[in-house]
Every structure is written in structure tokens, then in C-alpha cells.
Amino acid sequence: MFCPKCGQPDQTPESYCRQCGIFLPDLSKPVKSPTTPEVHFKANIVLTVMTIVTCITLAILLWSMLALGPDTHPLIYVTAGLMMAMSIWHVQTLWRTLLLRKHFKRTTIKRELEPGAAQSTDKLLDPADLENIVPASVTERTTRHLTADGRRSAEPEHQADRAV
Ligand SMILES: [Zn+2]
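Attention in this report is confined to the structure presented alongside it. Along each chain, the written sequence defines residue order, and numbers are assigned to residues from 1. Under the rules for a predicted model, residues below a pLDDT of 70 receive no local features and side-chain atom pairs below 80 are neither given nor counted, while totals for whole chains, interfaces and linings still include all residues. The basis for the side-chain values is all heavy atoms of the structure; hydrogens and waters are excluded.

With respect to the overall build of the protein chain
Next, step 1: To qualify as a helix, a DSSP run of H or I must reach at least 4 residues; to qualify as a strand, a run of E must reach at least 2; elements of each kind are numbered from the N terminus. Within the protein chain, the regular secondary structure consists of four helices and two strands.
Next, step 2: Helices and strands appear in the protein chain in the N-to-C order β-β-α-α-α-α.
Next, step 3: In this scheme, a residue with accessible area under 20% of its type's maximum is buried, one over 50% is exposed, and one in between is partly exposed, where area comes from a 1.4 Å probe on protein chains only. The burial tally for the protein chain puts 17% of its 164 residues in the buried class.
Next, step 4: Throughout, a residue-residue contact means that at least one pair of heavy atoms, one from each residue, lies within 4.5 Å. Put simply, of all contacts in the protein chain between residues at least 6 apart along the chain, 38% involve residues at least 24 apart.
Next, step 5: Each accessible area is a Shrake-Rupley estimate made with a 1.4 Å probe; only the visible protein chains count as cover when residues are assessed. In the form shown here, the protein chain has an accessible surface area of approximately 13100 Å², with 64% of it arising from carbon and sulfur atoms.

Observations regarding the environment of I45
Next, step 1: Here I45 lies in helix α1 (residues 37–66).
Next, step 2: Taking relative accessible area as the criterion, I45 reaches 16% and is therefore assigned buried.
Next, step 3: Here the alpha-carbon distance between I45 and H90, two residues 45 residues apart in the chain, equals 10.0 Å.

Here's the deal with the coordination of the zinc ion
Next, step 1: Sodium, potassium and calcium take a 3.2 Å donor cutoff, other metals 2.8 Å, and in both cases only N, O and S atoms count; water is not among them, so sites may look incomplete. Within the protein, C3 (SG), C6 (SG), C17 (SG) and C20 (SG) serve as the donor atoms for the zinc ion, at 2.2 to 2.3 Å.
Next, step 2: Mapping the donors of the zinc ion onto the primary sequence yields the spacing C-x2-C-x10-C-x2-C. Taken together, the residues span a long stretch of sequence, with C3 in the segment before β1 (15–16) and C17 in the loop between β1 and β2 (23–24) at a distance of 14 residues.
Next, step 3: Its relative accessible area of 5% is what places C17 among the buried residues.

Comments concerning a nonpolar patch on the surface
Next, step 1: Patch membership requires more than 30% relative accessible area and the absence of a salt bridge. Residues of like charge join within 9 Å; the nonpolar side chains Val, Leu, Ile, Met, Phe, Trp and Tyr join within 5 Å. Within this document, salt bridges are pairs made up of a side-chain nitrogen of Lys or Arg and a carboxyl oxygen of Asp or Glu, the two lying within 4 Å of each other. Taken together, L58, L61, M65 and L66 make up a surface patch of nonpolar side chains, about 390 Å² in accessible area.
Next, step 2: Among the structural elements, L66 can be located in helix α1.
Next, step 3: Overall, the relative accessible area of 44% leaves L66 in the partly exposed class.

Things to note about unusual backbone geometry
Next, step 1: Phi is positive for D10, which is not a glycine, with a value near 55°.
Next, step 2: The backbone phi angle of E14 is positive, close to 60°, even though this residue is not glycine.
Next, step 3: Its location among the elements puts E14 in the segment before β1.
Next, step 4: Since its relative accessible area comes to 40%, E14 is described here as partly exposed.

A closer look at the side chain of Q11
Next, step 1: On the secondary structure map, Q11 appears in the segment before β1.
Next, step 2: For Q11, a relative accessible area of 4% translates into the label buried.
Next, step 3: Polar contacts here mean pairs of N or O atoms no more than 3.5 Å apart (in protein, one a potential hydrogen donor and the other a potential acceptor; neighbouring residues in sequence count only if both atoms are side-chain atoms). Side-chain polar atoms of Q11 contact the backbone nitrogen of R18, separated by 3.3 Å.
Next, step 4: Discounting chain neighbours no more than four positions away, the residues touching Q11 are M1, F2, C3, Y16, C17, R18 and L24.

Here we look at α1
Next, step 1: For α1, with 30 residues, the first-to-last C-alpha span of 43 Å sits near the 44 Å given by 1.5 Å per residue.
Next, step 2: Within the sequence span of α1, burial applies to F41, I45, T48, I52, C55, A59 and L62.
Next, step 3: Tucked into the core, α1 has its buried residues touching α2 (74–113).
Next, step 4: Just downstream of α1 lies L68, where phi reads positive at about 65°. Expected span, for any helix, means 1.5 Å times one less than how many residues it has.

It is worth stressing that arrangement in space is one thing and function is another; only the former is reported here.
Below, the structure is given as C-alpha cells:
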């Protein structure tokens, strides 16, 4: 690839330009969409519910199958108690997650309804097509100064900088 700043050819993407030193991102790679808070909330709720169900089930199984016998080891009671404590702990985590989600939703709606608030541009514009992007500086600085036999002229002129 070419460096978009100085036009130096044969550059490696995801590295720094050998001539001017700017960082060259790999534009052929798909842009990773950021994880939204809603996705985090959803994952958190699902995992918390699964943990609660597992903990309560294990506590009940331990208690019903092993406890209250004549030679029950004290560790059985400790483990069952720990499982119950963990499920209670996760119930309050779930409760806090739900409260936080409600709060987050409310503030998002409020922000959108506020007059003069900055609108998020991803709702107004299509996502940038980075697949076929050719920075203007590259074409200007590399194609203009070719000599007749196809080589770059020895002295590059930076006309593009002045002609704005
Ligand atoms: Zn460069």
C-alpha cells in the first residue's frame, strides 16, 4: 500500500510509514463494531440467572440427598450454605443489573429528546465504506509526477498542498 501522507509505496499495513512515520491502519480489514451496553446487560442477566439456578439446584440436591443423615459430614452443610449464599449474592447482582439497565434506558431516551442535543451520526449516515477508499493525497502525489517511462520524477512537487 501507499502511505496516505507522503505517498511512499510498498508499505506494510498495521505498521509505521518508513518515510514519514505515520501509522498506517489496515483498511482492508473489516471494522469491528463496538459492543453496545445493551449486549453487556443481556449477557450479564443471562449469566446471573444461570448462576442463580445452578446454585439453588446444587444446594437443594446437597441438602435433600446428603444432609440430616446420622453421619453427615459438616462440610456438606458448609457447601450447601455457600451455594445458598452465592445464589442470594447473584439475586442482588441481577437486581442491580436490572436497575442499571432501566436507568441507562431512561438517560438514553432523555438525551435523545433533549432539544439541541448532538445527534449521533450513525443514525443519519451510512457507515463509511473503507473497502475502496483511496486517499486523495495518494493519487495526487503519486500519479502526477510520473515520467514518460513510468518512473517517478526525481523531485516531487507538492502542488496539492497549495491548490486548495
Ligand atoms: Zn509516509
